[in-house]
Structures are given as C-alpha cells and as structure tokens.
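Now for the letters of each chain:
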Amino acid sequence: MKKKKNRYAPLLRAVSVMGLGVCLGVAPAALGARAWAEAVQYGPELEGFAYPYPVTQYTFSSQQQSLHMAYMDVHPQNPNGRTAVLLHGKNFCAATWQQTIVQLVQAGFRVVAPDQIGFCKSSKPQQYQFSFQQLARNTHDLLSSIGVSNPVLIGHSTGGMLAVRYALMYPEQTAQLVLVDPIGLEDWKAKGVPSLSVDQWYARELATTEDTIRTYETQTYYAGEWRPEYEKWVQMLAGMYRGAGKQAVAWNSALLYDMIYTQPVVYEFGKIAVPTTLMIGAKDNTAIGKAAAPPDVQKQLGHYPELGKAAAKAIPHAHLIMFSELGHSPQIQDPTAFHEALLKTLAPAR
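Note that the coordinates shown come from a computational prediction; the quantities given were computed from them, not determined experimentally.

Caption draft 1: Spatial organisation of the pairing of strand S4 (residues 110-114). Burial of S4 is extensive: 5 of the 5 residues sit out of reach of the surface. Here S4 shows no split at all, with Arg110, Val112 and Pro114 on one side and Val111 and Ala113 on the other all buried. As paired elements, strand S2 (residues 65-74) and S4 share 4 bridges and run antiparallel to each other. The residue bridging aspartate 73 from the neighbouring strand is valine 112, located in S4. With 3 bridges connecting them, strand S3 (residues 83-87) and S4 associate as parallel partners.

Caption draft 2: Structural detail: the nonpolar core. If you look at the biggest cluster of nonpolar residues, it comprises 108 residues, and the most contacted ones within it are Leu46, Tyr51, Ile101, Leu104, Ile154, Phe269 and Met279. Broken down by element, this core gets its largest block of residues, 10 residues, from helix H9 (residues 246-262). Residue contacts for leucine 104: discarding those within four places in its chain leaves Ala84, Leu86, Phe109, Val111, Ile154, Leu342, Leu343 and Leu346.

Caption draft 3: Layout of the pattern of salt bridges. Under the criterion given, the structure shown has 9 salt bridges. Across the salt bridge formed by glutamate 268 and arginine 165, the nearest N and O atoms sit 2.7 Å from each other. Of this pair, glutamate 268 sits in the loop between H9 and strand S7 (276-281) while arginine 165 sits in helix H5 (residues 158-169), and the two are 103 residues apart along the sequence. Arginine 165 gets classed as buried once you look at its relative accessible area, which sits at 9%.

Caption draft 4: Here's a closer look at unusual backbone geometry. Although it is not a glycine, leucine 46 adopts a positive phi angle of roughly 60°. Within the element layout of this structure, leucine 46 appears in the loop between helix H2 (33-39) and strand S1 (56-62). Positive phi, close to 65°, is recorded for glutamine 64, a residue that is not glycine. Its location among the elements puts glutamine 64 in the loop between S1 and S2. Classification of glutamine 64 by relative accessible area gives exposed; the value is 84%.

Caption draft 5: Representation of the environment of lysine 124 in the model. Structurally, lysine 124 is set in the loop between S4 and helix H4 (132-145). C-alpha separation for the pair lysine 124 and histidine 68, spaced 56 residues apart in sequence, amounts to 9.3 Å. Leave out the neighbours within four places in its chain, and lysine 124 touches Pro44, Glu45, Gly118, Phe119, Ala248 and Asn252. In terms of polar contacts, lysine 124 uses its side chain to reach the backbone carbonyl oxygen of phenylalanine 119, at 3.5 Å. Polar contacts involving the side chain of lysine 124 include one to the main-chain carbonyl oxygen of cysteine 120, which spans 2.6 Å.

Caption draft 6: Fine view of the state of the cysteines. The tally for this structure, following the rule as stated, stands at 1 disulfide. Between the sulfur atoms of cysteine 93 and its disulfide partner cysteine 120 the distance amounts to 2.0 Å. Between cysteine 93 and cysteine 120, the S-S torsion sits near -90°, and that sign places the bridge as left-handed. With a gap of 27 residues between them, cysteine 93 in the loop between S3 and helix H3 (98-106) and cysteine 120 in the loop between S4 and H4 connect regions that are remote in the sequence. Each member of the pair, cysteine 93 as well as cysteine 120, carries the same accessibility label: buried.

About the thresholds
Residues numbered from 1 in each chain as written. Predicted model: local features only at pLDDT ≥ 70, side-chain atom pairs only at ≥ 80, totals over all residues. Heavy atoms only, no water. Buried < 20%, exposed > 50% of the residue type's maximum accessible area, 1.4 Å probe, protein only. Helix = DSSP H or I, 4+ residues; strand = E, 2+ residues; numbered from the N terminus. Pairing = 2+ DSSP bridges. Core = buried A, V, L, I, M, F, W, Y, C linked by side-chain atoms within 4.5 Å. Contact = heavy atoms within 4.5 Å. Salt bridge = Lys/Arg side-chain N within 4 Å of Asp/Glu carboxyl O. Polar contact = N/O pair within 3.5 Å; in protein donor to acceptor, adjacent residues only side chain to side chain. Disulfide = S-S within 2.5 Å.

If you want it as structure tokens, here you go:
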C-alpha cells in the first residue's frame, strides 16, 4: 500500500530545527545555512514562522473578495496616548520591526504593525489591483476598526512610499511621518530603467533563493557587511520560496513590483502637509529594476545621500537624519543609533 504523504512534514521539519536551536541555546541561524535550507519551508502566508507578539487577522472585503490582513497590536504598560504604525518594506514583514516595537512600547507608544495584502502573513490574492491608494485605504480601515486615529506613521523602504501616500490621502488623520530609507525618492522609469512585464517579474521571483536574497541584502541593506543575526530575515523570505505555496508568493511579489515601478510618489512631495523626518543610510543604493537597466543608467540610480537631501528640500519643513555608515536597513544594522535618533524625532515639542 502506498504511503500517504504528510503535507505537514515541511512545517514539522522547520519546527524541529527551531526546537533544536532552542535546546542548544543558540539561534537557528547558528545551526548553519545548510540546516536552514534543508529544513525550513514556510507556507504562502508565512505559516510556521513565529512573530514576536500575538498576530490578529483583520478580515474585510476588497475588490469583490474576502481578504485578511495580519497585524500586531502591542500596548505599553505606561501609555503616552500616542500610537505608532509601522509599515514594512518590500522584502520585509511586520516581524522585522521587532526591536523597534520594543523601543517604542517602552517609550509609551501603542504600536500597530500590519502585514500588507500580498505580503507575509496576509492574503495572497490571485487577482488584485494593487495600488498604494488601495493599500493606504486597507491600512486606514484596519486602524479605524481598532480605534486608532491620528497615528505616527513610520514607513521603511516600500513602506515609506505607502506612508507618503497615506499622509497625502489622510493629512488630517496623520500626526507625523517618519520615512526610513524610503524607496520612491526617484522615478526609475523616467531615469531609463526598462519596463518589465508582470510575467517577467514573476519569472525572476520564481528564481529567488536564499543565496540571491543574502547577496542582495549584504550589498544593499547592510553596506557590504554580514552578521549572523541577519540570517533570520533571509530565511523568513527564503522559506516561503521553498514552500508549496511559492507560486502564490512569487506572483504577488511580481504584482507588487509592478505597482512600485509604475506609481511614483516623488512628484508629490511638495504636497505633504504633516511633520516629516527622513532617516537615511548614506550607503543605501536601492533602485527598483536597476539590475535590468543598462550600465550607464545603473550608475545614475540609488544615490541616497543626494536623494535624501533632495527629498528633504522638496517636503515642506522636513528634517533629515543621515547615518553615514549604514545601508538600507539602519533599524536592523545599528539599532542603538537608529532608535536613539527615532525617539528624539518622536519626542513631543516643548
């Protein structure tokens, strides 16, 4: 008699490796990349990957379908009456804000950290008209459902583009804007980055491996330096691309890349009407589609020191904080320096 395949085996293998790490008193990354690669497979909604705080699902109807949006809602022991909403980037999840959540909660903030539709623990629809306006509406509706109004928006990478769109759509309901290495500080299409079809993006995403993720993150997120503690975030992504639902993950990623490329926000910076701080890693070099561009175009893209200064000049009364030695993810690469600067930025005016 043919043995029935256990569809939960990948998850059980993942749990076994994570459990082994706990037993040994080491992080799973310390077991080595090979152990991760052989064991860790996550579901299309990041099933099997633990978040640092309880996850709630906000269920809603959008574009004639039922969707759910995962989020963490963390309350402080000594509230200051303010709420910070953390908006993740393209290759990130709400969980990657872990250290920032700790710091903000200790400072008295209620913290809400959602996964956007198409990402991480949220729905991966086969058909969806992705736009920053739609994601902003989804986020606004989620916040309204849990009684949050007038939050501080902290957006990283693609989350920075979303935060800008949210502030433009809901200026009277946004207390403050903090943009952490936001993408969208330039229009890649206008600068000569060629258009890729969604099908082309999909083929590229299907080729994603832990090695391609790690190499890219080393060069762009961490200014060429790698540390073992970064491995967790590589495997968070790679595990979804190893799992049985990788096609859904890659397809949604392709749709999202098309949204990012075709919906620039840089031309509307002058309309931002809320207090804004830009926090920029000077060694960041992020540019969507850069690898597909001709060499002469590539040289013109992703110069964050210049882009950060130009954005600060374009956004009324914006404040610029530059981290001279950091890359695209300063909150992970140097959490001490980043959070010290962030909390100063968020301190109430006296």
